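# Per-entry structural report
For reference, the chains in residue letters:
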There are 2 protein chains.
Amino acid sequence: MFQRRKSRKIHVGKVPVGGDAPVSIQSMTTTPTADPDKTLEQISRLAALGCDIIRLSVDNEKDCAGLKVISQASPIPVVADIQFDASTAIGAVRAGAAAVRLNPGLVRDPGQLRPVAEIVREYGVPIRVGVNAGSVGTDVIKQNRASGMSSREAFVAALVEAALRQCEQLEALGVSQIKVALKCSDVPVTAAACRAFAARTDYPLHIGVTESGTRARGIVKSAVGIGALLLEGIGDTLRVSLTAPPEEEIIAGKMILESCGLREAFPEIVSCPTCGRTEIDLAGLAQQVDMLVEEIKSSGKKIGLKKIAVMGCPVNGPGEAKEADLGIAGSKSGEQLLLFKSGKVLGAYPAGEGFEQFKKELLKSCR
Amino acid sequence: MFQRRKSRKIHVGKVPVGGDAPVSIQSMTTTPTADPDKTLEQISRLAALGCDIIRLSVDNEKDCAGLKVISQASPIPVVADIQFDASTAIGAVRAGAAAVRLNPGLVRDPGQLRPVAEIVREYGVPIRVGVNAGSVGTDVIKQNRASGMSSREAFVAALVEAALRQCEQLEALGVSQIKVALKCSDVPVTAAACRAFAARTDYPLHIGVTESGTRARGIVKSAVGIGALLLEGIGDTLRVSLTAPPEEEIIAGKMILESCGLREAFPEIVSCPTCGRTEIDLAGLAQQVDMLVEEIKSSGKKIGLKKIAVMGCPVNGPGEAKEADLGIAGSKSGEQLLLFKSGKVLGAYPAGEGFEQFKKELLKSCR
């Protein structure tokens, strides 16, 4: 459907990022890095949910000591987030970080980069260049504005410039295992910056929208920004930033990848919105189907269907759900449930019996 | 940032769609159209939330009678959704429908279209051509597959073909006030179909992802699909389809438009995700700020700030929130709150006092 951008492949621990690697999901711990027990507990929960790579803040020696314990026991690669003091990166790599994240806005002196470059080369770990609004000087934006750009265009150009400059500095120091993030809280700016940077380099991109606000708003902003880029083939790893527990970031990330057809939801359950034609409790039926699927999956069985449709009425039911492997729809009067399989109607049943028949068909497909 | 596609402008009642008109938000009632009281009650609630155009199912004469009462009293234009019997459209237009929606898959006999074309021309109301999976024959998909297309490509081509053919038939009958929707439950297919159709015509597009599944999943799918198209400049009116109350469709629609910079959220509130550095209850603080803003707005005051930032710690706070008009951030120790205004730090205060100072600054901006 869409061609994925060909990016350079790097490795964050055992997880490949870029090239033909699947788009990985990241999050960040909210526990103190200096507390390995708490942090490992959180990492385990996130890994079980589908988190591929975890980042944690590393600001000082205490954090490095915590990181040492964490990186050895963590089921997924651990990235050290370095802010104020670039030299903390040295301790972090020695403590087992699978990658370090630097913000070029906070590492303005290239002299600080040399020892960091040496240690990542020695240990063979990549650097993530994380550019955000804090990375660009207001002077650069002003300059861009003066040359006739709109304020958004000026911001995009400044973000791209900051990322390119940092990558050049790292390459000059012999570091080529680089991935890059360009993020801000404005979705069109974020998308435009990633697009412009993607066109000019082959670095793998970590995508996301930063400071994305309260929960519901954050999910929408992230889905729009990350989704738009993924549908253009841009993006090798992602993080959904939410002012919410990191568990929700993983779930939202998985839903975005599934929406873009980049991860299979087995089986995908589609349901129509209700309208004045709906005579059954459709939200209830969809929920019932959802729970049945989860129940079967958690029993260890593998459902052999790609798509299940739950439809309110026969108007759109069999038609719109033509592509579904198994479907269930309310009848016109609302008294019966229609079952259909690969576009063909199997039969009409009273509600309770209809659901039992549906369950039977579902179980038949299991391996 | 992005150029909006130049589409033909039509009018759905008083609401312009296409051309330079703002992207409007639609939903569909879940009440019986034959029950005007219930339906009008739902429409009023949706209009108050920001719904611009409402659609309701019209299947028979009883529905037309209900529609007559509804269309006269509704605060927003009412679109009649016609399915089985195209001739119902005639009664619907006479009953005051501001537009009719036809599904070409269900109107295969062009002869049925002539009287519909005559009535919409007489009353000056537009037709929405609503194409979905139910509109395309499996034979067309098979044919496309045989010519070497992938199953997704074959589906896209079939959707575009069905929409183009229906538009041609309507134009041949003298109808040019047309808007078009191409929807299915697969996001990449939906986006590709809209993109291909948009490139070939100037009809305004109604965008959305159909059968978008249970609530959270539906919001993500819609945000990805609708958002990606809007960021390309495609889309003149939208509906978020959810298996949930239509109120949630409106709220999600507004959040998608705001995310794309197509509708201003006054003020926009951004907040950082928490991380191991956060020493304050950031989700709580963000919630507090959210409530304060809503309180001020509902008192009738207009806040004169575009962007408010709520940040967990001083690392990213003042830096990332440089673009914010007013910001509040936790201090390193978590004991104080930092206030900043247009990038400059105003001061550090104990928590309670900090929030009061924040409130004072917010109120200062009000008109």
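Presented here is a report on the structure given in the accompanying data block. (Residues numbered from 1 in each chain as written. Chains lettered and ligands numbered in written order. Predicted model: local features only at pLDDT ≥ 70, side-chain atom pairs only at ≥ 80, totals over all residues. Heavy atoms only, no water.)

## Notes on the side chain of B:Asn103
Residues and elements named next belong to chain B. Relative to the assigned elements, Asn 103 resides in the loop between strand 6 (99-102) and helix 4 (113-123). Within the structure, Asn 103 has its side chain in polar contact with the side chain of Asn 132 (distance 3.5 Å). At a separation of 2.7 Å, a polar atom in the side chain of Asn 103 contacts the side chain of Ser 135. (Helix = DSSP H or I, 4+ residues; strand = E, 2+ residues; numbered from the N terminus. Polar contact = N/O pair within 3.5 Å; in protein donor to acceptor, adjacent residues only side chain to side chain.)

## Points about the sheet that holds strand 11 (residues 268-271) of chain A
Residues and elements named next belong to chain A. Spatial ordering of the open sheet is given by 11-12-13-14-15, a layout of five strands whose pairing is mixed. Both edges of this open sheet fall to strand 11 and strand 15 (344-350), since each of them pairs with a single strand only. Between one strand axis and the next, the sheet turns by 15° as a mean value, whatever way the strands run. Taken together, the four bridges between strand 11 and strand 12 (residues 307-311) define a ladder with parallel strand orientation. Across the sheet, residue Val 270 finds its bridge partner in strand 12, namely Ala 309. (Pairing = 2+ DSSP bridges. Axes fitted to C-alpha atoms, helices over the stretch in contact; angles between N-to-C directions.)

## Brief notes about the pattern of salt bridges
What the rule picks out here adds up to 34 salt bridges over all chains. One salt bridge connects A:Glu247 with A:Arg45, and the closest N-O pair in it is separated by 2.7 Å. On the criterion of sequence distance, the pair formed by A:Glu247 in helix 9 (residues 246-259) and A:Arg45 in helix 1 (residues 36-49) is long-range, its members being 202 residues apart. Here A:Glu247 falls in the buried class, since its relative accessible area comes to 18%. Overall, the relative accessible area of 38% leaves A:Arg45 in the partly exposed class. B:Asp186 serves as the salt-bridge partner of B:Arg152, at 2.8 Å between the closest nitrogen and oxygen. Here the residue B:Arg152 occupies a position in helix 6 (residues 151-172), and B:Asp186 occupies one in the loop between strand 8 (178-182) and helix 7 (187-200), the gap between them amounting to 34 residues. The exposure class assigned to B:Asp186 is buried, which follows from its relative accessible area of 19%. The structure contains a network of salt bridges with shared partners spanning A:Arg4, A:Arg5 and A:Asp236. (Salt bridge = Lys/Arg side-chain N within 4 Å of Asp/Glu carboxyl O. Buried < 20%, exposed > 50% of the residue type's maximum accessible area, 1.4 Å probe, protein only.)

## Structural notes on the relation of the copies chain A and chain B
Each copy of the sequence occupies a distinct position, and chain A is placed on chain B by a rotation of 180° and an axial shift of 0.0 Å, giving an RMSD of 0.0 Å. The superposition operator between the copies reduces to a two-fold rotation axis. The overlap is high: 100% of the interface residues of chain A also sit at the interface in chain B, so the same surface is used on both sides. (Least-squares fit on C-alpha atoms with pLDDT ≥ 70 in both. Contact = heavy atoms within 4.5 Å.)

## Considerations on the sheet that holds strand 14 (residues 336-341) of chain B
Residues and elements named next belong to chain B. In spatial order, the strands read 11-12-13-14-15; together these five strands make up an open sheet with mixed pairing. One side of each edge strand has no neighbouring strand; the edge strands of this open sheet are strand 11 (268-271) and strand 15 (344-350). The mean angle between the axes of side-by-side strands here comes to 15°, regardless of whether they run parallel or antiparallel. With six bridges connecting them, strand 14 and strand 15 associate as antiparallel partners. Residue pairing across strands places Lys 341 opposite Lys 344, the latter belonging to strand 15.

## Quick word on the packing of aromatic side chains
Each aromatic ring pair is described using two quantities: the centre-to-centre distance and the angle formed by the ring planes. Residue and element names in this part refer to chain B. Enumeration over the complete set of coordinates arrives at four aromatic pairs over all chains. A centroid spacing of 6.3 Å and a plane angle of 20° characterise the contact between Phe 197 and Tyr 203, whose relative ring orientation is stacked. What makes Phe 197 buried here is its relative accessible area of 0%. (Phe/Tyr/Trp six-rings, centres within 6.5 Å; stacked < 30°, edge-to-face > 60°.)

## Points about the interface of chain A and chain B
Taken together, the 78 residues of chain A in the interface contact 79 residues of chain B. Both faces combined, the contact of chain A with chain B buries some 6,200 Å², and carbon together with sulfur accounts for 59% of it. At the boundary of chain A with chain B, the tally comes to four salt bridges. Across the pair B:Lys221 and A:Glu268 runs a salt bridge whose closest N-O atoms are separated by 2.9 Å. Applying the counting criterion to the chain A and chain B interface returns eight residue pairs in polar contact (both at pLDDT 80 or more). (Buried area = accessible area lost by both parts, 1.4 Å probe.)

## Some points on the nonpolar core
Among the nonpolar cores identified, the biggest contains 172 residues, and A:Val180, A:Leu182, A:Phe197, B:Val180, B:Leu182 and B:Phe197 are the most heavily contacted of them. With residues up to four places along the chain from it excluded, the contact list for A:Leu182 reads A:Val131, A:Leu159, A:Val160, A:Ala163, A:Thr190, A:Ala193, A:Cys194, A:Phe197, A:Leu205, A:His206 and A:Gly208. (Core = buried A, V, L, I, M, F, W, Y, C linked by side-chain atoms within 4.5 Å.)

## Regarding the packing of helix 8 (residues 215-231) of chain A against helix 9 of chain A
Residues and elements named next belong to chain A. The contact between helix 8 and helix 9 brings their axes to 10 Å, and the two run at 40°. Here the hand of the crossing between helix 8 and helix 9 comes out right-handed. Contacts from Arg 215, Ile 219, Ser 222, Ala 223, Ile 226, Gly 227 and Leu 230 of helix 8 reach helix 9 at Glu 248, Ala 252, Ile 256 and Leu 257. Each residue belonging to the contact of helix 8 with helix 9 can be placed in one class, and the counts come to seven nonpolar, two polar and two charged. (Left-handed = near helix turned anticlockwise from the far one by under 90°. Nonpolar A, V, L, I, M, F, W, Y, C, P; charged D, E, K, R; others polar.)

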